[in-house]
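Chain and residue survey
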Amino acid sequence: MSSHLIHLLIEARQAGLDLVRGPEGKLIVRGPRTAGSLVRRVLDRKDHILHGYVDFYSGKAGCLNWRTAAVSERAKCCVLCGRWSILRDPIENRPMHKVCAENSIRPTRQEAT
Ligand SMILES: [Zn+2]
């Protein structure tokens, strides 16, 4: 069980959790009752999820907004694919390709409707 945000979102996707931005800007999490502890971990990170991920996760945005992501002079291994990356995710500053992040939490076609 990773404490890193992208892995938490991957777990949420695999568990079938719906994460959406509610009408008042709050994070709404829906899912099976058995996912209670995962839901609590998601809610613990709600500020980061609302800031950087929920609109893509929910299918509202077509891509992640990584305008504030840093580009390092030193490549490190992407935490998702293991290949060299100079890009860092904008929230935790970990080496990660944007396309890897998107592919790992992208909604399925049915979920995006
Ligand atoms: Zn990658």
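Here is a short report on the structure shown in this document. Note that the structure is predicted; figures quoted are calculated from it, not measured. (Residues numbered from 1 in each chain as written. Predicted model: local features only at pLDDT ≥ 70, side-chain atom pairs only at ≥ 80, totals over all residues. Heavy atoms only, no water.)

A short note on the coordination of the zinc ion
Protein coordination at the zinc ion: the donors are C78 (SG), C81 (SG), H97 (ND1) and C100 (SG), at 2.1 to 2.4 Å from the metal. Every donor counted, the four donor atoms about the zinc ion form angles of 99 to 123° at the centre, which fits tetrahedral coordination. Mapped onto the sequence, the residues coordinating the zinc ion show the spacing C-x2-C-x15-H-x2-C. Of this pair, C78 sits in the loop between strand 3 (71-77) and strand 4 (84-87) while H97 sits in the loop between strand 4 and helix 5 (98-105), placing them 19 residues apart in sequence. (Donors = N, O, S within 2.8 Å, 3.2 Å for Na, K, Ca; no water. Tetrahedral: all angles 85-135°; square planar, octahedral: opposite > 155°, others 65-115°. Helix = DSSP H or I, 4+ residues; strand = E, 2+ residues; numbered from the N terminus.)

Some points on the packing of aromatic side chains
On inspection of all chains with the given rule, the structure shows zero aromatic pairs. For the cation-ring pair, R13 lies above Y57, with the distance from its terminal atom to the ring centre recorded as 3.8 Å. (Phe/Tyr/Trp six-rings, centres within 6.5 Å; stacked < 30°, edge-to-face > 60°. Lys NZ or Arg CZ within 6 Å of the ring centre and 35° of its normal.)

Here's the deal with helix 1 (residues 5-14)
Burial analysis of helix 1 places seven of its ten residues in the buried class, which makes it a mostly covered element. Among the residues of helix 1, L5, I6, L8, L9, I10, A12 and R13 are the ones counted as buried. Here the buried face of helix 1 lies against strand 1 (18-21), helix 2 (36-44), helix 3 (46-52), helix 4 (54-57) and helix 5. Immediately downstream of helix 1, the backbone of G16 shows phi near 80°, a positive value. (Buried < 20%, exposed > 50% of the residue type's maximum accessible area, 1.4 Å probe, protein only. Contact = heavy atoms within 4.5 Å.)

Observations concerning the nonpolar core
The nonpolar side chains of a soluble globular protein tend to be buried with one another. Judged by nonpolar contacts, the single largest core of 28 residues is most densely connected at L9, L17, L19, V42, I49, Y53 and I105. The element best represented in this core is helix 1, accounting for six residues. In contact with L19, not counting residues within four places along its chain, are L9, L27, I28, V29, V42, I49, V54, Y57 and S58. (Core = buried A, V, L, I, M, F, W, Y, C linked by side-chain atoms within 4.5 Å.)

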